[in-house]
Amino acid sequence: MLMSGAPATPAAADRPTDAERVRSILAAAHSMTVITGGLHAEVRHLDGTDPMGRVHLHPAEPGGEREDRPVIRMEFTDIAPTPVRDRVRARVTVLGRLLTPYTDEGSDSTCVEFIEAVLETGEGRSYVGLEELDAACADPLAPYEAGMLTHLLDDHTELVTLLLRLVRPAAPASAAVVRALPLAMDRYGITLRLEEARGHRDVRLPFPSPLDSVEQSGAQIQALFSAARRRSHHNTLPA
């Protein structure tokens, strides 16, 4: 992706910005849907080193977008790696106009005049500009998140239950948690999905401090487990 050198967008105190979320989804993407003209293609096996595949984004030319150029739409779906209810965590759509012909075969790069990126989550829809994308960095855990969450769930289920001690406020008796699963992990913390008899809710458990690299994740995760062990157990799952 072509960077324009825009100034950095400040990160939120305890969660990624929308631009960081988009960059992380692109960095971890294994496939995307490309729609342009009469083409509707599923592009698979993205290698992670170039999250847009062979597509390079460019700012619009002075004077506005060239409406005579074909529109290209690139769609990405962020799916939870664990078997939670409603596994789609977010959708990203990148819209642009083709500066060079697009083909899903061969090694030629495609240049795209950027229009907008749209992030859709359970919290709503937001629009991210190219300067924001250029300034944002993908989360350092993005390429590793799926493996880390599935390992936690498959091999250390008791630790997921342990983390429930950190949930505040605890669920009322009328909304007892029937299952808790890890939903997401980023440099700021872990998100659990608490599935109740009716519906579900997500809770974020922040790390003591944001991570700068994946090598720091082990110590921060262990810090959460230690904090949970010190808490009296208010949240329990049924046997």
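Check the entry above for the structure.
The structure presented is a predicted model; accordingly, all values stated were derived computationally and were not measured.

Thoughts on the sheet that holds strand β10 (residues 200-206)
- As summarised here, the arrangement of the three strands in space is β8-β9-β10, forming an open sheet in which the pairing is antiparallel. Every interior strand has two partners, whereas the edge strands, β8 (177-186) and β10, have only one. The average angle at which neighbouring strand axes cross in this sheet is 25°, direction not considered.
- Of the strand pairs in this sheet, β8 and strand β9 (residues 189-196) are connected by eight bridges, and their pairing is antiparallel. Paired with Ala180 across the two strands is Leu194, which belongs to β9.

Here's the deal with a negative patch on the surface
- Residues Asp18, Glu123, Glu131 and Glu132 make up a contiguous surface patch of negative charge.
- Relative to the assigned elements, Glu132 resides in helix α2 (residues 130-135).

Quick look at the packing of aromatic side chains
- Inspection of every chain in the model, using the stated rule, returns zero aromatic pairs.
- Here the basic side chain of Arg187 rests over the ring of Tyr188, its NZ or CZ set 5.0 Å away from the ring centre.

What to know about the environment of Glu20
- Locating Glu20 in the fold gives a position in helix α1 (residues 18-28).
- With a relative accessible area of 14%, Glu20 lands in the buried category.
- C-alpha separation for the pair Glu20 and Asp139, spaced 119 residues apart in sequence, amounts to 6.9 Å.

Rules of the game
- Residues numbered from 1 in each chain as written.
- Predicted model: local features only at pLDDT ≥ 70, side-chain atom pairs only at ≥ 80, totals over all residues.
- Heavy atoms only, no water.
- Pairing = 2+ DSSP bridges.
- Helix = DSSP H or I, 4+ residues; strand = E, 2+ residues; numbered from the N terminus.
- Axes fitted to C-alpha atoms, helices over the stretch in contact; angles between N-to-C directions.
- Patch = residues over 30% accessible without salt bridge, like charges linked within 9 Å, V, L, I, M, F, W, Y side chains within 5 Å.
- Areas by Shrake-Rupley, 256 points an atom, 1.4 Å probe, with all protein chains shown as cover.
- Salt bridge = Lys/Arg side-chain N within 4 Å of Asp/Glu carboxyl O.
- Lys, Arg positive; Asp, Glu negative; His and termini not counted.
- Charge placed at Lys NZ, Arg CZ, Asp CG, Glu CD.
- Phe/Tyr/Trp six-rings, centres within 6.5 Å; stacked < 30°, edge-to-face > 60°.
- Lys NZ or Arg CZ within 6 Å of the ring centre and 35° of its normal.
- Buried < 20%, exposed > 50% of the residue type's maximum accessible area, 1.4 Å probe, protein only.

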